[in-house]
Every structure is written in structure tokens, then in C-alpha cells.
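One letter stands for each residue in the lines below.
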Amino acid sequence: MSYEQVASHRYMVFDGRRNAAYVRALEKIITPDSVVLDIGAGLGVLGLFAAKLGAKKVYLVEPESVIEVARKAAAASGLTNVECIRAPLEELTLDIRADVIISVFTGNMLFGEDLLPTLFQARDRFLAPGGVMLPDAARLMVTPVSAPEGYEHHVSGWDDFPALCEEHKLPALDYSGARSFAANTLVYDMGSKYTQEPLAEPAKALELDLATATEAACNTSAEVTISTQGTAHGWQSWFSMRLAGEWYSTARADGPTHWSETFLPLAEPLPVHPGDVLGIRLSRPEYGEWSWITHYGDGQQRQSSFLSRPLAPADLVKKAASYKPVRNERGRAAARALELMNGEHSVAEIAAIMVNEFPAVYPDQPAAMRLLRGLVQQLS
Ligand SMILES: C[S@@+](CC[C@H](N)C(=O)[O-])C[C@H]1O[C@@H](n2cnc3c(N)ncnc32)[C@H](O)[C@@H]1O
């Protein structure tokens, strides 16, 4: 998700059920002496609620320029106890200890956005002894589901392209080769379009104590006993988080929220019967790919988001930690541009040099300016 756009924050700002859960928690813990740090504040909505509830001081920390909207909202809401800081948490140099750290760093399937390492750093550097984290714990939940239409749309439908050709009188083509990629692809929010029936009571795959955790990798397993006869098409997953003692669930069944449930398909649908035991082994290294292995009886299906896209041998080699990269022409151009970013040349001058020295990569000034704007934004 791009957090640069104000529009992409709307879903969070307008998530009334979520906001109410945070406000209930804030009401329990905010006092007139509270110093609050809202990390990844976005448009600041949660920190601003804390300010409204009478905290002494609220710091909103956000790396994107959308923090300007938070600044406006604070002023428009008559709040004078708020300071907006545009920075990634890792570059924050505030000499404070916060009584409360607010965060929304649990992405879909908890680990999805790789923000937990930033949360751990915030806790270790800025939380006062005895301070409160909101949330301070999170759970990853799973249940096998029957989802025939969603499965047909996202996975098995790739086998049916000839039928579409016939229906529309097109020359027949065969796209069944795409199915295995689809079966290794996580699907978000499938339940908003297609019916899904849980086949067992949900199981807790993992509980993370955010007050003490240091690892943002997932390596866990869960088992369920099937309660309903049917066909399992995959696993549905969601998370819950604890806000001052109250659990907030992002399951569709528990109410509307901006978070999506995640569907982890099976490679092949699996008929199940009451009493059958189904297990899932779920893992994801930090900044890595999800793997899910489904166990049943003496069978298993192994899947990974790593297999969700075709990877040529050359791409695979580059993913190895032992690979020793050599810059290509584009890399040489970027390195030269960085060298020229030394305070002596304007962006337009550097672009002109790039066009002259790397015409194969930057045939004209606008193309070179596009590269440079990205580099200048991020690295100067
Ligand atoms: C899920 S959004 C939450 C936004 C806001 N707290 C809300 O609830 O509406 C996560 C935010 O964290 C910010 N973020 C990402 N990396 C960050 C970092 N290293 N330090 C601080 N904030 C970060 C993103 O730009 C984004 O605005």
C-alpha cells in the first residue's frame, strides 16, 4: 500500500469500529500527565483522539508528507498539545519517554507490512518504564473454509479458459499453466465477494507479546478438528490485537473493519468429514515470503507465495544471499547520478550529464529527470 496518498489513509481514518476500540483503550489509560507517541501516525487520527482526551503532549511521527493533514486536523480541532514530526521512527531523535505508544503496525496476517521491527525499536527506545503499548499483543487466527466460487475465480478457473473461448466464439487457448501460480497466491478480502463457510472452530496459530517480542518472523502451526462435512478450498486467516485488555478482531464475522482477511488456497480442494484433523504449518521470515503446508491424514499440500510468480533462473540466482551483484548499465547510471549529487549541480544539470553519458538508459532530459527526482527525493 502506498501511504504517500491521502486517499489511501481514508480507510483507516474512517474505520469507526477500529477507532472506537482505540478510544475505549485510550479512555482507560490517558491522564493529564500522559506523553503519547503515535508512530506511523498517518493522518494522525489515533494520536489526535489521545490529545482530545486530555494527554499532556502527543507526538505524531510519520515519514510521509501526509503528516501535513494531521497538522491541519490538529489545528482545526483546536489542539495545542500536538507536535507533528515528519520522519521514519528509525531517524527520530526525540529526547522523551512516552507513557503510551500508539501504533497500527499489524498488517494483514500480522507480519505482512514488515512494520513490526520498527514497533520493537520504538518500544525499546521511547517507552517509559511501566508505559503502555496500544496494541500490546496480537494473535494470528486460522480456519479451513469451503469457498467454491472464490476458489473457482482465483484458482481453478484458469483451467476453464477453453470454455470461455467457446462461449465467446474465440479461438481455443489453454491457460491451465497459470493455475499453480494462482494456487500459491494469497487472496485478500475474498469474503467480500464470495461466500465462505468455516469448516471448523478457528484456531490460534500464534500469539505475539508486543511488549517483549524481538522477532518479526512467523514460524508456527495450528490444528483444527473439522466440524462440518464439506470441501476445504483453503484457509482463512485474520488477526486480533489487544488494546488495554480488550481484544479487537479483524474477522469479517466480528464486524466491519478496513483490514482484509487473507485466503490461503489449497493446491487441490480437499473433501473433509467431521472429526478429521487438519493442520497448517505457517512460516514467513522477516521481509520474506509466506509458506503454508496443510497436513491431513497421511497427506500434505505445500505452498508458498514464492511460487506465485514465474521466476526465471537468472531471477532466482539474484535472490540468493551468496550472489555477488555487478551493476548493469542502469546501475552504473544511478551510481554516477549519486556521485553528482554533491551540492554542486542542479537536478537539471545532472540530468543533462546523464543523457550525455548514458544515452541508452536516458535518451532524453525528461527520462533522466524522472530517475533523478526519485533519487533526490529518497537520498538527498
Ligand atoms: C497502517 S498505517 C497507520 C496510519 C495511522 N496510524 C492510522 O491508523 O490511520 C502505517 C503508517 O506507518 C507509516 N510508516 C511506515 N514505515 C514507518 C517507519 N519506519 N516509521 C514511522 N512510520 C512508518 C506509514 O507511512 C503509514 O502511514
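What you see is a predicted model; the values in this text were computed from it and never measured. (Residues numbered from 1 in each chain as written. Predicted model: local features only at pLDDT ≥ 70, side-chain atom pairs only at ≥ 80, totals over all residues. Heavy atoms only, no water.)

**Remarks on the domain arrangement of the protein chain**
Defined as follows: Domain delimitation follows an automatic or database domain assignment.
Taken domain by domain, the protein chain consists of domain 1 (6–102), domain 2 (139–307) and domain 3 (329–379). A C-alpha centroid distance of 44 Å is found between domain 2 and domain 3.

**Here we look at the pairing of strand 14 (residues 277–284)**
We count it as follows: Any two strands with at least two DSSP-identified bridges between them are counted as paired. Comment: elements are numbered from the N terminus, with helices defined as DSSP H or I runs of at least four residues and strands as E runs of at least two.
Here eight bridges tie strand 10 (residues 218–225) to strand 14, and the two strands are oriented antiparallel to one another. Across the sheet, residue Ala 222 finds its bridge partner in strand 14, namely Ile 280. Of the pairings in the sheet, the one linking strand 14 to strand 15 (residues 291–296) comprises six bridges and is antiparallel in character. Residue pairing in the sheet places Gly 279 in a bridge with His 295 of strand 15. Once strand 14 ends, the chain turns through six residues before running back antiparallel as strand 15, passing Tyr 287 with a positive phi of about 60 degrees.

**Some words on the packing of aromatic side chains**
Definition in use: In this scheme Phe, Tyr and Trp rings, the latter by its six-membered ring, pair at centre separations within 6.5 Å, and the angle between planes marks the pair as stacked below 30 degrees, edge-to-face above 60, and tilted otherwise. Partly exposed describes any residue whose relative accessible area lies between the buried limit of under 20% and the exposed limit of over 50%, with all areas from a 1.4 Å probe on protein chains only and scaled to the type maximum. The rule is short: NZ of Lys or CZ of Arg within 6 Å of the ring centre and within 35 degrees of the ring normal puts a charge over the ring.
Taken as a whole and assessed by the stated rule, the structure comprises five aromatic pairs. With a centroid separation of 5.3 Å and 80 degrees between ring planes, the pair formed by Phe 239 and Trp 259 is classed as edge-to-face. One end of the pair, Phe 239, is in strand 11 (residues 230–243); the other, Trp 259, is in the loop between strand 12 (246–249) and strand 13 (262–272), and 20 residues separate them in sequence. Grouping residues by exposure puts Phe 239 and Trp 259 together as buried. Following the ring pairs from residue to residue traces out a cluster consisting of Trp 158, Phe 161 and Tyr 175. Over the face of the ring belonging to Phe 14 we find Arg 10, whose NZ or CZ atom lies 3.8 Å from the ring centre. Over the ring of Trp 247 we find Arg 139, and its NZ or CZ is 3.8 Å from the ring centre.

**A look at the sheet that holds strand 5 (residues 127–134)**
Definition in use: In this analysis an axis means a line fitted to C-alpha atoms, helices contributing only their contacting stretch, and an angle means the value between N-to-C directions, from 0 to 180 degrees. When checking whether two residues touch, look at their non-hydrogen atoms; a contact exists if any pair is within 4.5 Å.
Pairing in this open sheet of five strands is parallel, and the strands run 3-2-1-4-5 from one edge to the other. Strands at the two margins of the open sheet, each flanked by one partner only, are strand 3 (82–86) and strand 5. Going from strand to strand, the sheet's axes swing by 20 degrees on average, the running direction of each strand aside. Bridge analysis of strand 1 (residues 35–39) against strand 2 (residues 57–62) gives five bridges, and the strand direction is parallel. Counted as the bridge partner of Ile 39 is Val 61 from strand 2. Of the strands in this sheet, strand 1, strand 2, strand 3 and strand 4 (98–103) are in contact with helix 3 (residues 45–52), which crosses strand 2 at around 175 degrees. Packed onto the sheet, helix 5 (residues 116–126) meets strand 1, strand 4 and strand 5 and runs at close to 150 degrees relative to strand 5.

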